[in-house]
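Inside the fold
Listed here are the chains, written in short residue letters.
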Amino acid sequence: MEILTTSNGSVGAGLGPSGKATSETWQQMMKTAIRTVPELLDYLKLSRHSTFGAAASAKFPVFAPLPYLQRIRPENPADPLLRQVLPINAEDQSPPHFSIDPLGEDAATLQPGLLQKYHGRLLVVATGACAIHCRYCFRRHFPYSDGPGGGALREQLAAALAKDETLDEVILSGGDPLTLVDEALSSLVDTIEAAAHIKRLRIHTRLPIVIPQRVTQSLVERLSSSRLQKVIVVHSNHANEIDNDVISSLQRLDTSGTQMLNQSVLLKGVNDSADALVDLSQRLLDAGVLPYYLHQLDPVIGAAHFEVPIEHGRQLIAAIRARLPGYAVPRYVQEIAGQPNKTILG
Ligand SMILES: *Cc1c(COP(=O)(O)O)cnc(C)c1O
Ligand code: SF4
């Protein structure tokens, strides 16, 4: 995982969630993100504590933009959003079954930057950059620097699509593909549109949740004008992440004719209660987003303190099923290396 350091002034002023111009662009918000534990603690008026600041965080540093931090209640070390971004010493202790590549992505790599695990769907690691560093991330050790970017990636993608007529969907992932500026993203979409057998474009992104100003007018227009069917899978784990600015941005993506879905990770101390999961689903529905997956934590080194036992996860799903419409209950899944699909747990 690398921190985005590039910026492209040519994108112009960002649009606020209401569609009005805001003074700060999303790229500026990336630049002013908080990048160290002491800064994070100071910003949230938390006292320095010996359990904060894991040694492991040197390799996977803090990265949290202010629009996200503004949704955290100051002076509350147990805040469910804070827990996702603050390194704690428990990261330095991993049980033996936790590994660097828990999903066998190395084996599924066609070539650096292109992954195929599942029939018909090719996943593109469009960039290594993210708009936030989530402490539980299963790709926190991913060898992003091996992959090409820009024109080289587009050439390899075009060749891979031409070679395999069984593919009908391309998934832009990362990192977070929306850290690419609109022009770069648009060029990638051009490459995908040029392959006649590809029907669907899917984008896996946390950016509309983290910095809602990322949903620019030019992004909405590029999606609207595509011949492809569009699916955006955002990533939110807690209702507090979805404030009114986020709701407006998600609704604006909806107007581009894009199917909006959400995936979450089941995380101890963040969303491991029926109330938290019900609130999250309700909030997503308010934004026009359907809950898609609730992932069992992938056993990646550094994330063991987030693990919720599968049996408890199953009980939570049963409890929320009794309180929500069927379409608002996410599929509880686990990714098991080498399987032809994600495994449904409950
Ligand atoms: C999760 C994943 C997909 C998408 O799987 P769906 O079940 O279709 O959402 C595709 N490729 C890879 C490599 C994945 O990890
Ligand atoms: S979970 Fe997603 S947004 Fe968070 S660090 Fe990992 S790839 Fe980036």
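Since the structure is predicted, the reported quantities are computational estimates derived from the model, not experimental observations.

Considering the pairing of strand S6 (residues 169-173)
Most of S6 is tucked away: 5 of the 5 residues are buried. What you see with S6 is no split at all: Glu169, Ile171 and Ser173 on one side and Val170 and Leu172 on the other are buried throughout. As for the winding sense of the linkage, the β-α-β connection from S6 through helix H7 (residues 182-193) to strand S7 (residues 200-205) is right-handed.

Here we look at the site of ligand 1
In the vicinity of ligand 1, the residues found are Lys117, Tyr118, Arg121, Leu123, Ile171, Arg202, Tyr292, Tyr293, Glu335 and Lys342. Between ligand 1 and Arg121, the relevant distance is 2.6 Å, taken from an oxygen atom to a side-chain nitrogen or oxygen of the residue. Contact between ligand 1 and Tyr292: an oxygen atom at 2.6 Å from a side-chain N or O atom of the residue. Relative to its free-state accessible area of 390 Å², ligand 1 is covered by the protein chains to the extent of 92%. Counting only elements with at least two residues in the shell around ligand 1, the list comes to strand S3 (114-118), strand S4 (121-125) and strand S10 (290-295). Split by residue class, the shell around ligand 1 holds 5 nonpolar, no polar and 5 charged.

Looking at the sheet that holds strand S9 (residues 258-265)
A sheet is described by the order of its strands in space; here 10 strands give the open sequence S2-S3-S4-S6-S7-S8-S9-S10-S11-S12, paired in mixed fashion. The open sheet terminates on both sides in strands that have one partner only, identified here as strand S2 (109-111) and strand S12 (343-344). The sheet contact formed by strand S11 (residues 331-334) and S12 spans 2 bridges and is antiparallel. Looking at the pairing, Val333 lines up with Ile344 of S12. Against the sheet, H7 makes contact with S6 and S7, and its axis sits at roughly 160° relative to S6, the strand it touches most. Sitting on the sheet, helix H11 (residues 274-286) touches S9 and S10, and the angle it makes with S10 is about 145°.

Description of the pattern of salt bridges
As a working rule, side chains carrying opposite charge can pair if their charged atoms are close by. Scanning the entire structure with this criterion turns up 18 salt bridges. A salt bridge links Arg214 to Asp182; its shortest N-O distance comes to 2.8 Å. Taken together, the residues span a long stretch of sequence, with Arg214 in the loop between helix H8 (207-210) and helix H9 (217-224) and Asp182 in helix H7 at a distance of 32 residues. By relative accessible area, which is 0% here, Arg214 ends up buried.

Description of the site of ligand 2
The immediate surroundings of ligand 2 are formed by Cys130, Ile132, Cys134, Cys137, Gly175, Arg206 and His235. Class assignment for the residues of the shell around ligand 2 results in 4 nonpolar, 2 polar and 1 charged.

Considering the packing of aromatic side chains
On inspection of all chains with the given rule, the structure shows 2 aromatic pairs. Seen in terms of ring centroids, Tyr136 and Phe306 are 5.9 Å apart; in terms of plane orientation they differ by 85°. Their pairing is edge-to-face. One end of the pair, Tyr136, is in the loop between strand S5 (129-130) and helix H6 (150-163); the other, Phe306, is in the loop between S10 and helix H12 (310-321), with 170 residues separating them in the sequence. One exposure class covers both Tyr136 and Phe306, and it is buried. Both rings, one in Tyr292 and one in Tyr293, keep their centres 3.9 Å apart while their planes meet at 25°; by these two values the pair is stacked. Residues Tyr292 and Tyr293 agree in their burial class; the two are buried.

A look at the pairing of S10
Most of S10 is tucked away, with 5 of its 6 residues classed as buried. Where S9 meets S10, 5 bridges bridge the pair, whose relative direction is parallel. Among the inter-strand pairings, Gln263 is bridged to a residue of S10, identified as Tyr293. A crossover connection joins S9 to the parallel S10 through H11; in handedness this β-α-β unit is right-handed.

Side note on the side chain of Glu169
Mapped onto the elements of the fold, Glu169 is located in strand S6. Non-local contacts of Glu169, meaning those with residues more than four positions away in its chain, are made with Gly120, Arg121, Leu122, Ile198, Arg200 and Arg202.

Here's the deal with the environment of Ala64
Along the chain, Ala64 falls in the loop between helix H2 (37-43) and helix H3 (66-69). Considering only alpha carbons, one finds Ala64 and Cys130, 66 residues apart in sequence, at a separation of 9.8 Å. Those residues within four positions of Ala64 in sequence are excluded, and the remaining contacts are Ala33, Ile34, Leu69 and Val85.

A look at the domain arrangement of the protein
One can read the domain layout of the protein as domain 1 (26-92) and domain 2 (109-344). Distance from the C-alpha centre of domain 1 to the C-alpha centre of domain 2: 23 Å. Of the residues lining the interface, 24 residues belong to domain 1; the matching set on domain 2 comes to 34 residues. The largest share of the area that domain 1 buries against domain 2 comes from Trp26, Phe60 and Gln84, three residues that together contribute 32% of it.

Rules used in this analysis
Residues numbered from 1 in each chain as written. Chains lettered and ligands numbered in written order. Predicted model: local features only at pLDDT ≥ 70, side-chain atom pairs only at ≥ 80, totals over all residues. Heavy atoms only, no water. Buried < 20%, exposed > 50% of the residue type's maximum accessible area, 1.4 Å probe, protein only. Helix = DSSP H or I, 4+ residues; strand = E, 2+ residues; numbered from the N terminus. Right-handed = clockwise from strand over helix to strand, strands pointing away. Near = heavy atom within 4 Å. Polar contact = N/O pair within 3.5 Å; in protein donor to acceptor, adjacent residues only side chain to side chain. Areas by Shrake-Rupley, 256 points an atom, 1.4 Å probe, with all protein chains shown as cover. Nonpolar A, V, L, I, M, F, W, Y, C, P; charged D, E, K, R; others polar. Pairing = 2+ DSSP bridges. Contact = heavy atoms within 4.5 Å. Axes fitted to C-alpha atoms, helices over the stretch in contact; angles between N-to-C directions. Salt bridge = Lys/Arg side-chain N within 4 Å of Asp/Glu carboxyl O. Phe/Tyr/Trp six-rings, centres within 6.5 Å; stacked < 30°, edge-to-face > 60°. Domains from an automatic or database assignment. Buried area = accessible area lost by both parts, 1.4 Å probe.

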